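# Survey of secondary and tertiary structure
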Amino acid sequence: DAKTTQPPSMDCAEGRAANLPCNHSTISGNEYVYWYRQIHSQGPQYIIHGLKNNETNEMASLIITEDRKSSTLILPHATLRDTAVYYCIVNDMRFGAGTRLTVKP
Amino acid sequence: EPEVTQTPSHQVTQMGQEVILRCVPISNHLYFYWYRQILGQKVEFLVSFYNNEISEKSEIFDDQFSVERPDGSNFTLKIRSTKLEDSAMYFCASRLTQGSGANVLTFGAGSRLTVL
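Read on for a plain summary of the structure. Since the structure is predicted, the reported quantities are computational estimates derived from the model, not experimental observations. (Residues numbered from 1 in each chain as written. Chains lettered and ligands numbered in written order. Predicted model: local features only at pLDDT ≥ 70, side-chain atom pairs only at ≥ 80, totals over all residues. Heavy atoms only, no water.)

## A few points about the sheet that holds strand β2 (residues 18–23) of chain A
Threshold: Two strands are said to pair when DSSP picks up at least two bridges between them. For helices the rule is a DSSP run of H or I covering at least 4 residues; for strands it is a run of E covering at least 2, with both sets numbered from the N terminus onward.
Strands sit in the order β2-β7-β6-β5 (chain A) across an open sheet of four strands; the sheet is antiparallel. Each edge of the open sheet carries a strand with a single partner, namely β2 and β5 (55–56) of chain A.

Written out as structure tokens, the structure reads:
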């Protein structure tokens, strides 16, 4: 089973920030946190990853708590094309059910 | 940008038939994976492969499944005798093995298998 838990669904207004939480309370010291998303039935797409520090790239920001037991993926200005299932995984490469994000006009 | 290529994109087969799904991972990647996704469900890990052998497999990956890297570029998933419940999207993925970005998986577009 996956080592992460996420809320099953979230809504976000277009243009607003989407904050997607993930719990990984059993993560070990050298395990990274990775975020992927899946649009319709396409292959999962890598978004961002991190170990301890917060990370930012052109797609998103990743905030990891100091104890590393949880993280938040932030899409700063969500668009309709960001509607997808978002997965948080750790080094075991197992996917949970993810969070279905719906961006609404 | 390098990509993982999967063929066929869609295959329809009769129950009991053998199916081979093919994947061409990114050329300098060393770890290879197969996942499946039954319609409406989550992405499930099947197997990982490194250095020409299985490194890990899930309970789904039973004796009817096998994987092979027959040459330097292809990575295949064989289902010996398909069942109705094997109908799913099958995703291949690959990754590097070293460095901070080592575990970033790159996925293919998937092969949809329909068993009748």
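From this point, the discussion proceeds with the structure in view.
## Considerations on the state of the cysteines
Formally: Note on terminology: pairs of cysteine sulfur atoms within 2.5 Å are recorded as disulfides. Burial classes follow relative accessibility: with a 1.4 Å probe on protein chains only, a residue under 20% of its type's maximum area counts as buried, one over 50% as exposed, and anything between as partly exposed.
Applying the stated criterion across every chain, the model contains two disulfides over all chains. Paired through a disulfide, Cys22(A) and Cys88(A) show a sulfur-sulfur distance of 2.0 Å. Disulfide Cys22(A)-Cys88(A): torsion about the S-S bond near -75°, hence left-handed. Here Cys22(A) is found in strand β2, whereas its partner Cys88(A) is found in strand β8 (residues 84–89), with 66 residues between them in sequence. The same class applies to Cys22(A) and to Cys88(A), which are both buried. The residue that forms a disulfide with Cys23(B) is Cys92(B), at a sulfur-sulfur distance of 2.0 Å. Here Cys23(B) and Cys92(B) share a disulfide; its torsion about the S-S bond, -65°, makes the bridge left-handed. Of this pair, Cys23(B) sits in strand β3 (residues 19–24) while Cys92(B) sits in strand β9 (residues 88–95), and the two are 69 residues apart along the sequence. Grouping residues by exposure puts Cys23(B) and Cys92(B) together as buried. Looking at the unpaired Cys12(A), the closest cysteine sulfur is the one in Cys22(A), lying at 18 Å.

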